[in-house]
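Chain by chain, the residues:
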Amino acid sequence: MAGAIASRMSFSSLKRKQPKTFTVRIATMDAEMEFSCEVKWKGKDLFDLVCRTLGLRETWFFGLQYTIKDTVAWLKMDKKVLDHDVPTEEPVTFHFLAKFYPENAEEELVQEITQHLFFLQVKKQILDEKIYCPPEASVLLASYAVQAKYGDYDPNVHKRGFLAQEELLPKRVINLYQMTPEMWEERITAWYAEHRGRARDEAEMEYLKIAQDLEMYGVNYFAIRNKKGTELLLGVDALGLHIYDPDNRLTPKISFPWNEIRNISYSDKEFTIKPLDKKIDVFKFNSSKLRVNKLMERQRLAREKQMREEAERKRDELERRLMQLKEEATMANEALMRSEETADLLAEKAQITEEEAKLLAQKAAEAEQEMQRIKATAIRTEEEKRLMEQKVLEAEMLALKMAEESERRAKEADQLKQDLQEARESERRAKQKLLEITSKSSYTQSMNSSTTALPTDLPSFNLISESLSFDFKDTDMKRLSMEIEKEKVEYMEKSKHLQEQLNELKTEIEALKLKERETALDILHNENASRGNSKHNTIKKPLPTSGCSGMAGGNSPYLKPHRLGWNSGSWLPSGWLRPGTGRLPVALDSSSEEIPVFSWF
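As the structure is a computational prediction, the values presented were derived from the model and not from experiment.

Before going further, it helps to examine the overall build of the protein chain. If you tally the helices and strands in the protein chain, you get 13 helices and 15 strands. Expressed as a percentage of its 601 residues, the buried residues of the protein chain come to 36%. Put simply, 65% of the contacts in the protein chain that link residues at least 6 apart link residues at least 24 apart. Approximately 38000 Å² of the protein chain is accessible, and the part contributed by carbon and sulfur atoms is 53%.

Here it is, written out as structure tokens:
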């Protein structure tokens, strides 16, 4: 009995120690998750748990959204989850969505998961027509979405009809033209085939780079009225606050950049924007719904300062880490380049040494051949000397013989002379006798002599030497600069080619357009395009004057265009205004709840 009582007491104490929990369902753009949350958890506890589960570090862009009485609201980080006006039935559903949009996705989004979530959310907003997108840009964006999902185009795999079940174009665009699904697929596939080689994250980033230049990208709209009761829209985005005509959400009537707003205050139903320039009057407007006022002020603007400071701090930290990584990468690249240069120099020296060794070996071989030739010449000289000595000996013997023969011939000549004299004497005696006999006689005798000469010819020898030369080439050190210049040229050609493709597609499908199905946004977009206006050169700022409430009414003569230097009509910007151009001073008024606002990133 005592044991049973002790067991029940132990179970009761254990039950009391267990925290009370409730079930929460988190819906992201591509998945759903359920968590068991403690009752005492604040919004930050749940938000951090979701971010850890997703592996997300760029948390400042996102928030948890819930719906209450047809109005969306965001979970506050410093308030308990159950203290919010959330549904009581479990599981309590929150949507994990992007709350703030970057000005430049390529520069500000670091993680691939962050980029992917933005891609899915922006894609859905374009397909749901919450962001207006012209037809030709819709086809281009669809081609990048297909590249991100299917990878490189393969005609053997991606056959006709493979996009039949895909939702790629807004229904407004499909209804605007007399084109069959097969015709749309053909045009999307033609561009899809040109994206070969792009990975999923690259295709998604190209999608965001085009989408961020759309007029309605990242803008949240709220219904307001000015003092005259004129219905207007307040747009909030990364660039600032904008006032729109309800029938024209593309071009703001007047804009207040974040770095030119001194503070924003809310009192009862009146909302006040105080510009930094004190010469410009305060802009005031009202909202008919008190809940909308509270949500605008508390969810969009009251938390703006804290969120932006946190975003700036985390962005600075990421930039610092990124710069550190870049410096390390640069140092590693420089070390690698130095190693490569050293290796190239060593290889070049080795090649020179090898070639010098070959040259020395060749010269050694030539010297060996010369020595062999000299030895052969010496041998031939000895042989010739021996032959010469033999010839001299033979000549001496011949000379001796010739001397003996000459002596013998001399003796014979003496004998002949003697005989000749005797003969002449006999002849003379005979002539005398004949003269005596004939009394007249004649005697004639003639002699001819000839001499011969033997020519001599002496041979001559010449020695020919050869010289060798060797040339070397220097390594081309301008390779890196040439590659950078080549990439720049390719980028410019690609941009030009893309704009030509968009214009070509627009011209091609223009003949199939049904004019009677054009929406008001289509007409406004075409008018802006014909005037050369785009998202970034239509921001209009107030001039120093009085009666700002009249300006917001729609009939103000005090509007002046504020151009930011973008290429009109182009989906590729020429440059961004750099964010964070100045921190605004804090000014709090005890009579009204003023909220200072800082420049966006």
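Moving on, we get to the packing of helix H5 (residues 135–150) against helix H7 (residues 181–192). It is the contact of H5 with H7, at a shortest axis distance of 8 Å, that shows an interaxial angle of 65 degrees. For the element pair H5 and H7, the recorded crossing hand is right-handed. Contacts between H5 and H7 involve Glu136, Val139, Leu140, Ala142, Ser143, Val146, Gln147 and Tyr150 from the first element and Trp184, Arg187, Ile188, Trp191 and Tyr192 from the second. Split by residue class, the contact of H5 with H7 holds 9 nonpolar, 2 polar and 2 charged.

The next subject is unusual backbone geometry. A cis amide bond, omega -5 degrees, links Glu90 with the succeeding residue Pro91. Non-glycine residue Glu129 carries a positive phi angle of around 60 degrees. Here Glu129 lies in the loop between helix H4 (112–127) and H5.

Tracing the chain through its elements places Glu58 in the loop between helix H2 (43–54) and strand S3 (62–68). An unpaired buried charge is present at Glu58: no salt bridge exists, and Arg57, the closest side chain of opposite charge, is 7.1 Å distant. Among the polar contacts made by the side chain of Glu58, one reaches the main-chain amide nitrogen of Val110 at a distance of 2.8 Å. A distance of 2.8 Å separates a polar atom in the side chain of Glu58 from the backbone nitrogen of Gln111.

The rules behind these values
- Residues numbered from 1 in each chain as written.
- Predicted model: local features only at pLDDT ≥ 70, side-chain atom pairs only at ≥ 80, totals over all residues.
- Heavy atoms only, no water.
- Helix = DSSP H or I, 4+ residues; strand = E, 2+ residues; numbered from the N terminus.
- Buried < 20%, exposed > 50% of the residue type's maximum accessible area, 1.4 Å probe, protein only.
- Contact = heavy atoms within 4.5 Å.
- Areas by Shrake-Rupley, 256 points an atom, 1.4 Å probe, with all protein chains shown as cover.
- Axes fitted to C-alpha atoms, helices over the stretch in contact; angles between N-to-C directions.
- Left-handed = near helix turned anticlockwise from the far one by under 90°.
- Nonpolar A, V, L, I, M, F, W, Y, C, P; charged D, E, K, R; others polar.
- Lys, Arg positive; Asp, Glu negative; His and termini not counted.
- Salt bridge = Lys/Arg side-chain N within 4 Å of Asp/Glu carboxyl O.
- Polar contact = N/O pair within 3.5 Å; in protein donor to acceptor, adjacent residues only side chain to side chain.

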